[in-house]
Amino acid sequence: MELNNAPDLTAERLNEEATSSSLSEEQYKRKMERRKEVQEQRLADRNLEKGLIIVHTGNGKGKTTAALGMVMRSLGHGYRVAIVQFIKGAWEPAEKAVLSHWPDLLQFHAMGEGFTWETQDRQRDIQKAEQAWEKALTFIRNPEFKLILLDEINVALKLGYLKVENILAGLTEKPENSHVILTGRGAPQALIDKADLVTEMTLIKHPFREQGVKAQPGIEF
């Protein structure tokens, strides 16, 4: 279905105009009234529901953190959720400890054994990634699970541990109303093309690089 983008353009224009400090109170009020009308039209035009393929990629921090925010929302709605970690499994992150409070709703599987420079065994890394994908498929195919998070799977794809065509084929098996999030830097273009929602985290500053600050509990893990 093709959407009329005119309300979007109108909303952007009204937002820009409303930020002008030269507007009188009466002018600002009229702009906001018009902005409300446009927003209501936008919402009326967009009333579909569907399960989404979501990709969080880029070199910036926050890909998994943003995905875990969606996990918390889904748990708050009482939905069943599955998390499969492809790379960071050896870390036993604090997130796992927190999320263990929802044993009836959440399945958490840390399948990786750490980063490549730690494992130093490519064949075992490939084997673990393939095992993680097989585990992920059991959740993707299961209509009881509303949200499936495949953490750092993009890294496994970038390193050649998994084939993107296999991942794309597996995603076609998900039920119509379930969501799948795939995180990690270096998401392949074919996956980006397939996804419904793609966010690229851009690195501007990082304390490890600029200041030599190590990973800290509550921030990185």
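- By the naming in an unreviewed UniProt entry, the protein goes by Cob(I)yrinic acid a,c-diamide adenosyltransferase and is assigned to Floridaenema flaviceps BLCC-F50.

Description of the sheet that holds strand S6 (residues 197-200)
- One open sheet accounts for 6 strands, arranged S3-S2-S4-S5-S1-S6; its pairing is parallel. Two strands bound the open sheet, and with one partner strand each, they are strand S3 (106-110) and S6. If you compare each strand with its neighbour and ignore which way they point, the axes differ by 10° on average.
- In this sheet, S3 lies alongside strand S2 (residues 80-85) in parallel orientation, the contact comprising 5 bridges. By the bridge assignment for S3, Val81 is matched with Leu106.
- Seen against the sheet, helix H3 (residues 63-76) touches strand S1 (53-57), S2, S3, strand S4 (145-151) and strand S5 (179-183) and runs at an angle of roughly 165° to S4.

Description of unusual backbone geometry
- Positive phi values are uncommon outside glycine, yet Glu152 reaches one of about 65°.
- The residue Glu152 is located in the loop between S4 and helix H7 (153-158) in this model.

As for the side chain of Lys174
- The residue Lys174 is located in the loop between helix H8 (164-171) and S5 in this model.
- Buried within the structure, Lys174 lacks any salt-bridge partner; its nearest side chain of opposite charge belongs to Asp196, at an N-O separation of 6.1 Å.
- A polar side-chain atom of Lys174 sits 2.7 Å from the main-chain carbonyl oxygen of Ser178.
- Among residues more than four places away in sequence, those in contact with Lys174 are Gly51, Leu52, Ile53, Ile140 and Val180.

Structural notes on the pattern of salt bridges
- For the coordinates displayed, the defined rule picks out 6 salt bridges.
- In this structure, the salt-bridge partner of Glu33 is Lys29, at a minimum N-O distance of 2.5 Å. Pair noted here: Glu33 and Lys29 are both in helix H2 (residues 25-45), with a separation of 4 residues, about one helical turn.

Looking at the side chain of Gln85
- Assignment of secondary structure puts Gln85 in strand S2.
- On the basis of relative accessibility, which here comes to 6%, the residue Gln85 falls in the buried class.
- Here Asp151 takes part through its side chain, which lies 3.3 Å from a polar atom of the side chain of Gln85.

Calculation notes
- For every chain, the first residue of its written sequence is number 1, and the numbers climb from 1 along that sequence.
- A pLDDT threshold of at least 70 governs which residues receive local features in this predicted model, and a stricter bar of 80 or more applies before side-chain atom pairs are shown or counted, although totals over entire chains, interfaces and linings include all residues.
- Working from all heavy atoms in the structure, the side-chain values ignore hydrogens and water.
- At least two bridges found by DSSP between two strands are what make those strands a pair.
- Each helix corresponds to a stretch of at least 4 residues labelled H or I by DSSP, and each strand to a stretch of at least 2 residues labelled E; elements are numbered beginning at the N terminus.
- An axis is simply a line fitted to the C-alpha atoms; with a helix, the fit covers only the stretch in contact. Between two such axes, the angle follows the N-to-C directions and lies from 0 to 180 degrees.
- Whether two residues are in contact is decided by their heavy atoms, any of which lying within 4.5 Å being enough.
- Working definition: with a 1.4 Å probe on protein chains only, accessible area under 20% of the residue-type maximum means buried, over 50% means exposed, and in between means partly exposed.
- The charged-residue count follows a simple rule in which Lys and Arg add positive charge and Asp and Glu add negative charge, with His and chain termini not counted at all.
- Take a side-chain nitrogen of Lys or Arg and a carboxyl oxygen of Asp or Glu: if they are within 4 Å of each other, that pair is a salt bridge.
- Polar contacts, as used here, are pairs of N or O atoms within 3.5 Å; protein pairs need one atom able to donate a hydrogen and one able to accept it. Residues neighboring in sequence count only if both atoms are side-chain atoms.

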